[in-house]
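Structural description and commentary
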Amino acid sequence: MPPIETIFTILLIVFLLFLAIGGVAIYFMVKLGKKAAKSAKKATTRLTAHVNAMGSGEAAEVERLRLDLRREVSLTRQALDQAAASGWGLGDLPHLTAELAQQAEVHDQQLGLYAQQRRISSVVDHVTADRLREHQAKLTAMCARIRADVMRAQVQHASGGIDDLSSRTDLEIEARRPAPFADPLDEIDELYRKTMQNRQDPA
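Cut-offs and rules
- Residues numbered from 1 in each chain as written.
- Predicted model: local features only at pLDDT ≥ 70, side-chain atom pairs only at ≥ 80, totals over all residues.
- Heavy atoms only, no water.
- Core = buried A, V, L, I, M, F, W, Y, C linked by side-chain atoms within 4.5 Å.
- Buried < 20%, exposed > 50% of the residue type's maximum accessible area, 1.4 Å probe, protein only.
- Helix = DSSP H or I, 4+ residues; strand = E, 2+ residues; numbered from the N terminus.
- Contact = heavy atoms within 4.5 Å.
- Salt bridge = Lys/Arg side-chain N within 4 Å of Asp/Glu carboxyl O.
- 1 Å grid on protein atoms, 1.4 Å probe; cavity = no way out; pocket = protein on both sides within 12 Å on 5 of 7 lines; lining within 4 Å.
- Points joined across faces, edges and corners; volume = space filled by probe spheres on them.
- pLDDT = per-residue confidence, 0-100.
- Patch = residues over 30% accessible without salt bridge, like charges linked within 9 Å, V, L, I, M, F, W, Y side chains within 5 Å.
- Areas by Shrake-Rupley, 256 points an atom, 1.4 Å probe, with all protein chains shown as cover.
- Expected span 1.5 Å × (residues − 1).
- Axes fitted to C-alpha atoms, helices over the stretch in contact; angles between N-to-C directions.
- Parallel < 35°, antiparallel > 145°, perpendicular 65-115°, else oblique.
- Left-handed = near helix turned anticlockwise from the far one by under 90°.
- Nonpolar A, V, L, I, M, F, W, Y, C, P; charged D, E, K, R; others polar.

Our focus in this paragraph is the nonpolar core. Judged by nonpolar contacts, the single largest core of 13 residues is most densely connected at Val73, Leu80 and Val150. Among the secondary structure elements, those contributing two or more residues to this core are α2 (58-85), α3 (93-120) and α4 (126-176). Sequence-distant contacts of Val150, defined by excluding residues within four places in its chain, comprise Ala79, Leu80, Ala83, Leu90 and Leu93. Of all hydrophobic cores here, the second largest spans seven residues; its members include Val62, Leu65, Tyr114 and Leu132.

Looking now at the pattern of salt bridges. A full pass over the atoms with the stated rule returns 11 salt bridges. Of the charged contacts in the structure, one is a salt bridge between Glu63 and Arg66, with a shortest N-O distance of 3.2 Å. One end of the pair, Glu63, and the other, Arg66, are both in helix α2, three residues apart, so they sit about a helical turn from each other. Given the relative accessible area of 1%, Glu63 is considered buried. By relative accessible area, which is 11% here, Arg66 ends up buried. Measuring nitrogen to oxygen at the nearest pair gives 3.1 Å for the salt bridge that ties Glu63 to Arg119. On the criterion of sequence distance, the pair formed by Glu63 in helix α2 and Arg119 in helix α3 is long-range, its members being 56 residues apart. Here the residues in one salt-bridge network are Glu63, Arg66, Arg70, Asp108 and Arg119, joined through shared partners.

This next bit is on empty space enclosed by the protein. Applying the stated criterion across every chain yields a total of one cavity of 30 Å³ or more. Each pocket or cavity is described by its volume, and for the largest cavity that value is around 30 Å³. Residue lining of the largest cavity: Val62, Leu65, Leu111, Tyr114, Ala129, Leu132 and Arg133, and that is the complete set. Every element with two or more residues in the lining of the largest cavity is listed here: α2, α3 and α4. Ranked by residue count, the leading element in the lining of the largest cavity is α4, at three residues.

In this fold, Ala59 is placed in helix α2. We classify Ala59 as buried; its relative accessible area is 13%. In the structure, Ala59 is positioned 52 residues away from Leu111 in sequence and 9.1 Å away in space, judged by C-alpha atoms. Among all residues touching Ala59, those that are not within four sequence positions of it are Ala115, Arg118 and Arg119.

To continue, consider the confidence of the model for the chain. Within the chain, residue pLDDT values average 80, and 83% of them lie at 70 or more. At the level of individual helices and strands, the chain shows its lowest average pLDDT in helix α5 (residues 184-200), which scores 71, and its highest in α3, which scores 90.

Taken together, Ile4, Ile7, Phe8 and Leu11 make up a surface patch of nonpolar side chains, about 390 Å² in accessible area. Along the chain, the position of Ile4 falls in helix α1 (residues 4-53).

Given a rise of 1.5 Å per residue, 28 residues ought to cover 40 Å, and the 40 Å separating the end C-alpha atoms of α3 matches this to within 8%. Taken residue by residue, α3 has Leu93, Thr97, Leu100, Ala101, Ala104, His107, Asp108, Leu111, Gly112, Tyr114, Ala115 and Arg118 as its buried positions. On its buried face, α3 is in contact with α2 and α4.

Put simply, α3 and α4 touch, their axes get as near as 11 Å, and they point 155° apart. In terms of their interaxial angle, α3 and α4 are classed as roughly antiparallel. Between α3 and α4 lies a crossing of left-handed hand. The residues of α4 that touch α3, namely those facing Leu93, Thr97, Leu100, Gln103, Ala104, His107, Gln110, Leu111 and Tyr114, are Thr128, Ala129, Leu132, His135, Gln136, Leu139, Met142, Cys143, Ile146, Asp149 and Val150. Across the contact of α3 with α4, the residue classes break down as 12 nonpolar, seven polar and one charged.

Okay, structure coming up:
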């Protein structure tokens, strides 16, 4: 029969092992819970913005501006991701787009705050509204310019590939054409002409 100290040691080791596993499990559960809460908060914010944008008045108009800006930034990121996956040279555009996304996030928060104030207050701040619309126009225009540049580069590269493929196709089709058949009458005429020429010129 093993000594009592050995039994306690084994039980202690098993207890510590379960304790460590439980600690790791709790850590990952808390981390997963935070991520889920963050995702839920984002989803709730987006849903609220969509609902608020369906209304009328200046607050709803501002909410629609928020949705437009988010869509523009998302489309620009998608265009850059597709270009990067295809191996296009993008230069400093990814870095500029990241800065643009940060500025858009700040602008989105400002629009949200302004829309909230407009919903609870009847005071209209025309100066702030005009500045927000001006910033909105600049940000969306930058997104459009970035996408247009990426699209231009892609179309230009595709044009070179299409021209090359067209040339090689023409060469292959030309090479596959059968040689033209000579007209037998033309051959007879040519033989007769040579025979008559040889008779006239016996040398």
